[in-house]
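Per-entry structural report
Okay, here's what each chain looks like letter by letter:
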Amino acid sequence: MDNNDRLTDADALNEKEDMSEKSLRPQTFDDYLGQEKAKHELDVYIRAAKQRKQTLDHVLLYGPPGLGKTTLAMIIANEMGVNIHTTTGPSIEKSGDLVAVLDELSPGDVLFIDEIHRMPKAVEEVLYSAMEDFYIDIIVGQGTESRSLHHQLVPYTLIGATTTSGKLSAPLRDRFGIVEHMEYYSEAELSKIVFRSADVLNIKIDEDGAHELARRSRGTPRIANRLLKRVRDFAQVGNKDKIDYEIAKSALNQLQVDDAGLDSLDRRILKMMIDLYGGGPLGIKVIAANIGEDQETIESVYEPYLMQMGFLKRTARGRIVTKKGYEHLGYPYPEEEK
């Protein structure tokens, strides 16, 4: 199964679905379900900044893909009453690209940089003064004729998003005044999100159907919304006018999403570790090479949920499949201690 076909992968949306997903995004904190701690704290910071008539301090949002970092950034801009400009770390290849992006901002605007940890080091260093003092020193010319130009910027708020804050350098991480960790969602929160999305998409679903979808959505709203659309397709082809428990269960089984939310690639990781390496310990590079995925994808997409569910654990020697992981796959757990 190709990574681009993976239902639970953060990059698996086609263009049509991407546009549809945008319509599901809440616009205010009142509409945004879950992440109560981050939402409450951000609401306080935003109200305080507005009372002082200042820009909001720079914000770092980190956590696994699909938990609502982009949506939260858009809500912050809406609540501040300013425009948001979005880009990604990999797309800012040189300092000139960064200057061009920053020059588009009006006073108080939000600049959202997704995957900020993937920004080139040279660009990151230019960003330091742009964040702290709202200026950039640009070097023009070469050799003995080179000189530095002081380029002043308007006050703005940078919102950076990353799958793990540990991938950011300490100097960059320290320049964010507000740091919020995005948590996996509970089944109850995901059920509410499924109901809300079903209403937006004009899909009929009952409580049991919504709960079954929530239960298998890996604690992630993006995945819940994607699975809702696919289950809708099965219901439609089966001439069912409403998604109930049986339809949801049957469709998700056919999609190879199991009771714990694991798909075929998640199970492949665990099975490979058990069948080829006795369950570990195993280094991340070896895992990546065996399943044909890059290391960063495993660390940001697969591993966090497998660890959250207790199927995988990290040790000083490497990754190990737990007894719970063995049992989930129906494997006998070896007697020797892992």
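Residues numbered from 1 in each chain as written. Predicted model: local features only at pLDDT ≥ 70, side-chain atom pairs only at ≥ 80, totals over all residues. Heavy atoms only, no water.

Some words on the sheet that holds strand 3 (residues 110–114)
Heads up, the rule is: By definition, two strands form a pair when at least two bridges between them are found by DSSP. Put simply, DSSP marks the helices as runs of H or I at least four residues long and the strands as runs of E at least two long, and each gets a number from the N terminus on. Axes, fitted as lines to C-alpha atoms, cover a helix only where it is in contact. Angles between the N-to-C directions of the axes lie from 0 to 180 degrees. Residue contacts follow a heavy-atom distance rule, with two residues in contact if any of their heavy atoms lie within 4.5 Å.
The sheet built from five strands is open, its strands ordered 2-3-6-1-7 with parallel pairing. Both edges of this open sheet fall to strand 2 (84–88) and strand 7 (178–181), since each of them pairs with a single strand only. Strand-to-strand, the axes of this sheet are offset by a mean angle of 15°, without reference to chain direction. Here strand 3 pairs with strand 6 (residues 157–162) via four bridges, running parallel. Looking at the pairing, Ile 113 lines up with Gly 160 of strand 6. Most of the contacts of helix 2 (residues 36–52) go to strand 7, to which it runs at about 160°, and overall it touches strand 1 (59–62) and strand 7.

Some details on a nonpolar patch on the surface
The line we're drawing: Residues forming no salt bridge and having over 30% relative accessible area are the ones grouped into patches, like charges within 9 Å of each other and nonpolar side chains (Val, Leu, Ile, Met, Phe, Trp, Tyr) within 5 Å. Accessible surface area values rest on a Shrake-Rupley calculation with a 1.4 Å probe, where residue burial reflects the displayed protein chains alone. Throughout this description, the term salt bridge denotes a Lys or Arg side-chain nitrogen within 4 Å of a carboxyl oxygen of Asp or Glu. Note on exposure labels: buried denotes an accessible area under 20% of the residue type's maximum, exposed denotes more than 50%, and partly exposed covers the range between, all computed with a 1.4 Å probe on protein chains only.
Residues Leu 276, Tyr 277 and Val 286 make up a contiguous nonpolar surface patch of roughly 260 Å² in combined accessible area. Mapped onto the fold, Tyr 277 is located in helix 11 (residues 264–277). Of the residues examined, Tyr 277 reaches a relative accessible area of 35% and is grouped as partly exposed.

A word on the UniProt feature "binding site: DNA" (unreviewed entry) in the chain
Short version of the rule: UniProt positions are given in the numbering used here, feature names are shortened, and annotations may be inferred rather than shown by experiment. Using a 1 Å grid laid over the protein atoms alone, points where a 1.4 Å probe fits but cannot get out form a cavity; open sets with protein on both sides within 12 Å along at least 5 of 7 lines form a pocket; any residue with an atom within 4 Å of a point counts as lining. We call two N or O atoms a polar contact when they sit within 3.5 Å, provided that within protein one can donate a hydrogen and the other can accept it, with sequence-adjacent residues counted only if both atoms are side-chain atoms.
This chain's UniProt record puts "binding site: DNA" (unreviewed entry) on Arg 314 and Arg 319. Considering only the residues just annotated, the second largest cavity is lined by Arg 319. Mapped onto the elements of the fold, Arg 314 is located in strand 8 (residues 312–315). Within the structure, Arg 314 has its side chain in polar contact with the side chain of Glu 303 (distance 2.5 Å). Tracing the chain through its elements places Arg 319 in strand 9 (residues 318–321). In this structure Arg 319 comes out as buried when scored by relative accessible area, which is 12%. Those residues in contact with Arg 319 that sit more than four places away from it in its chain are Met 273, Gly 279, Gly 280, Pro 281, Leu 282, Ile 284, Ile 287, Glu 299, Glu 303, Leu 312, Lys 313 and Arg 314.

Here we look at the packing of aromatic side chains
This is how it is decided: Each Phe, Tyr or Trp ring (for Trp, its six-membered ring) is paired with any other whose centre lies within 6.5 Å, and the angle between the two planes then decides the class: stacked below 30 degrees, edge-to-face above 60, tilted in between. Lysine NZ or arginine CZ positioned within 6 Å of the ring centre and within 35 degrees of the ring normal marks a charge as sitting over the ring.
Evaluated as defined, the whole model comprises three aromatic pairs. Centre to centre, the rings of Tyr 184 and Tyr 305 are 5.8 Å apart; their planes meet at 70°, and the pair counts as edge-to-face. With Tyr 184 in the loop between strand 7 and helix 7 (187–200) and Tyr 305 in helix 13 (residues 295–308), this pair connects stretches of sequence that are 121 residues apart. With a centroid separation of 5.1 Å and 85° between ring planes, the pair formed by Tyr 326 and Tyr 333 is classed as edge-to-face. The ring of Tyr 128 carries the charged tip of Arg 175 above its face, separated from the ring centre by 4.3 Å.

Quick look at the layout of surface pockets
Selection criterion: Grid points are joined across faces, edges and corners, and a volume is the space filled by probe spheres set on the points. Residue type decides the class: Asp, Glu, Lys and Arg count as charged, Ala, Val, Leu, Ile, Met, Phe, Trp, Tyr, Cys and Pro as nonpolar, and the leftover types, Gly among them, as polar. Residue ranges for the domains originate in an automatic or database domain assignment.
Estimated volume of the second largest pocket: approximately 310 Å³. Taken together, 17 residues form the lining of the second largest pocket, with Pro 64, Thr 163, Thr 164, Glu 299 and Pro 304 sitting closest to its centre. Looking at which element gives the most residues to the lining of the second largest pocket, the answer is helix 13, with five residues. Across the lining of the second largest pocket, the residue classes break down as six nonpolar, six polar and five charged. A domain-level breakdown of the lining of the second largest pocket finds at least three residues from each of domain 1 (27–181) and domain 3 (264–329).

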